[in-house]
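# Observations on the model geometry
Spelled out from the first residue to the last, the chains are:
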Amino acid sequence: MMAKTFELGSGYTISRVIRGGWQLAGGHGTIDRQQAVTDLIATFDAGIFTYDCADIYTGVEELIGAARLRLANERGLDVAARMKVHTKLVPDLERLASISRDYIRSIVDQSMRRLKTERLDLVQFHWWDYSQPRYIDAMGWLNEMRAEGKVRNVGTTNFDTQRLSEILSAGVPVVSQQLQYSVLDQRPAKGLAGLAADNGVSFLCYGSVAGGFLSEKWLGAAEPSMPLENRSLVKYKLIIDDFGGWDLFQHLLGTLKAASDRHSVDIATVASAWVLGQPQVAAVIVGARNQAHALANARIMEIALSAQDRAAIGTVIAESSGLEGDVYTLERDRHGRHGSIMHYNLNAGGK
């Protein structure tokens, strides 16, 4: 059994499974706010005490803030303090050229109000366009807020090896990078993992179940045609295509199924456990549609893949040519297949 917690920074411990907030944002169906808060607390009770959200996830910071307040009211401040909440700071594409200290501070202050806290546990910074060079300035301003005590830890989201190196060289104490990592996408292992190891940066990984594609639902299923149900499925279907296509994906699912049967869990659990076993990975970020799903996600921390499991999965991965480029390179091409489906100005209005 693997460790269920990870010390991300000095004296700062997280659960190795993080409850993602993306599914609570717009575009994933109607949300019952009271039930959502109850489900968030059920996740906490299942041993997943770390949560991920973002300034651009509509309504999600408020929901997590409500869950933390309810915990404090019903169980006391000491219990509520165990809840760790990571948010993201995602400046709009159209604002990058004119980014300012005030803009950065306004988003941090907004997240503090929404999350009902006087200090954010971790702020993860994202930048859309490297041709706009002020990401180092922005990280410096965020670090100022860390020094002031408004932010406990600073991290990055989807930076490539070169730009993360620049940020670290500027003296910003980055503790983590959130990025996509899965049995379908090993781009973080190309060069970024080495830089991270040298600088004490850990990975917080999304996409470990490829938006639900890595599940029994798709084992033996015919290849779906566009348009798919939502943008998340479109995104991960493109990843499958680049991995090697539907036939190789089916081979991978079959291999994951064999491992899941050996451990009496599901395919998604094995896929996420594989990611947790990779170098520099501190945690995987997973969604949960309900309380039962949260309990299933907690099992990710309860299994350890065998050498046989890892070898079998590795053999299938070796048949793939792999995704091109560094972390998020494909997604940064706004005219390419991956980048053209992104939304770039979700903070527009008010800042």
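Residues numbered from 1 in each chain as written. Predicted model: local features only at pLDDT ≥ 70, side-chain atom pairs only at ≥ 80, totals over all residues. Heavy atoms only, no water.

So, on to the environment of Val154. You can see Val154 is positioned in strand 7 (residues 151-157). Between the C-alpha atom of Val154 and that of Asp32, which follows or precedes it by 122 residues, the distance is 32 Å. Residues in contact with Val154, not counting those within four places in the same chain, are Leu122, Val123, Leu142, Arg146, Val172, Pro173, Val174, Val175 and Ser176. (Helix = DSSP H or I, 4+ residues; strand = E, 2+ residues; numbered from the N terminus. Contact = heavy atoms within 4.5 Å.)

Moving on, we come to helix 8 (residues 231-243). Between its terminal C-alpha atoms helix 8 stretches 19 Å, which fits the 18 Å expected from 13 residues at 1.5 Å a residue. Counting buried positions over the 13 residues of helix 8 gives 10, a clear majority of the element. Buried-residue contacts for helix 8 involve strand 8 (174-180), strand 9 (202-206), helix 9 (246-263), helix 12 (307-318) and helix 13 (329-332). Directly beyond the C-terminal end of helix 8, a positive phi value near 155° is found at Gly244. (Expected span 1.5 Å × (residues − 1). Buried < 20%, exposed > 50% of the residue type's maximum accessible area, 1.4 Å probe, protein only.)

Below, the discussion takes up the pattern of salt bridges. One pass over the structure, following the stated rule, counts 22 salt bridges. Between Arg70 and Glu74 there is a salt bridge whose closest N-O contact spans 3.3 Å. Here Arg70 and its partner Glu74 are both found in helix 2 (residues 60-75), four residues apart, which amounts to about one turn of the helix. Note on Arg70: relative accessible area 28%, which makes it partly exposed. Here Glu74 falls in the exposed class, since its relative accessible area comes to 54%. Note that Arg299 and Glu302 form a salt bridge whose closest N and O atoms lie 3.6 Å from each other. If you follow the salt bridges from partner to partner, you end up with Glu223, Lys237, Asp241, Asp242 and Arg337 in one network. (Salt bridge = Lys/Arg side-chain N within 4 Å of Asp/Glu carboxyl O.)

Let us now look at the nonpolar core. Counting 122 residues, the largest nonpolar core has Phe125, Leu142, Leu184, Phe213 and Leu214 as its most contacted members. Excluding anything up to four places from it in sequence, Leu184 contacts Ala210, Leu214, Ile239, Ile240, Phe243, Phe249, Leu252 and Leu323. (Core = buried A, V, L, I, M, F, W, Y, C linked by side-chain atoms within 4.5 Å.)

Turning to helix 4 (residues 101-115), a few remarks are in order. Taking 1.5 Å of rise per residue, the 15 residues of helix 4 would be expected to cover 21 Å, and the 21 Å separating its terminal C-alpha atoms lies within 8% of that figure. Of all the residues in helix 4, the buried ones are Tyr103, Ile104, Arg105, Ile107, Val108, Gln110, Ser111, Met112 and Leu115. At the exit of helix 4 stands Lys116, carrying a positive phi of roughly 55°.

Another point: the packing of aromatic side chains. Going through the model one piece at a time under the given rule, you end up with 13 aromatic pairs. Ring centres 5.8 Å apart and planes at 35° place the aromatic pair Phe125 and Trp127 in the tilted group. Considered together, Phe125 and Trp127 belong to a single accessibility category, that of buried residues. When the ring of Trp128 is compared with that of Tyr344, the centres are 4.7 Å apart and the planes differ by 65°; the resulting orientation is edge-to-face. In this pair, Trp128 sits in the loop between strand 6 (120-125) and helix 5 (135-148) while Tyr344 sits in the segment after helix 13, placing the two residues 216 residues apart along the sequence. Judged on exposure class, the residue Trp128 and its partner Tyr344 are both buried. Grouped by ring-pair contacts, the aromatic residues Phe125, Trp127, Tyr130, Tyr135 and Phe159 constitute a single cluster. Residue placement shows Lys235 over the ring face of Tyr236; its charged tip is 5.2 Å from the ring centre. (Phe/Tyr/Trp six-rings, centres within 6.5 Å; stacked < 30°, edge-to-face > 60°. Lys NZ or Arg CZ within 6 Å of the ring centre and 35° of its normal.)

This part is about the pairing of strand 7. In terms of burial, strand 7 is largely enclosed, as six of its seven residues are buried. Two elements, strand 6 and strand 7, share five bridges in a ladder whose sense is parallel. Across the sheet, Val123 pairs through a bridge with Val154, a residue of strand 7. Handedness of the crossover joining strand 6 and strand 7 through helix 5 is recorded here as right-handed. Relative to strand 8, strand 7 runs parallel, the two sharing four bridges. By the bridge assignment for strand 8, Val154 is matched with Val174. A crossover links strand 7 with its parallel partner strand 8, the connecting element being helix 6 (residues 161-169), and its sense is right-handed. (Pairing = 2+ DSSP bridges. Right-handed = clockwise from strand over helix to strand, strands pointing away.)

Structurally, a disulfide amounts to a covalent bond that connects the sulfur atoms of two cysteines. As enumerated under the stated definition, the model contains zero disulfides in all. Cys53 forms no disulfide, and the closest cysteine sulfur to it belongs to Cys205, at a distance of 18 Å. (Disulfide = S-S within 2.5 Å.)

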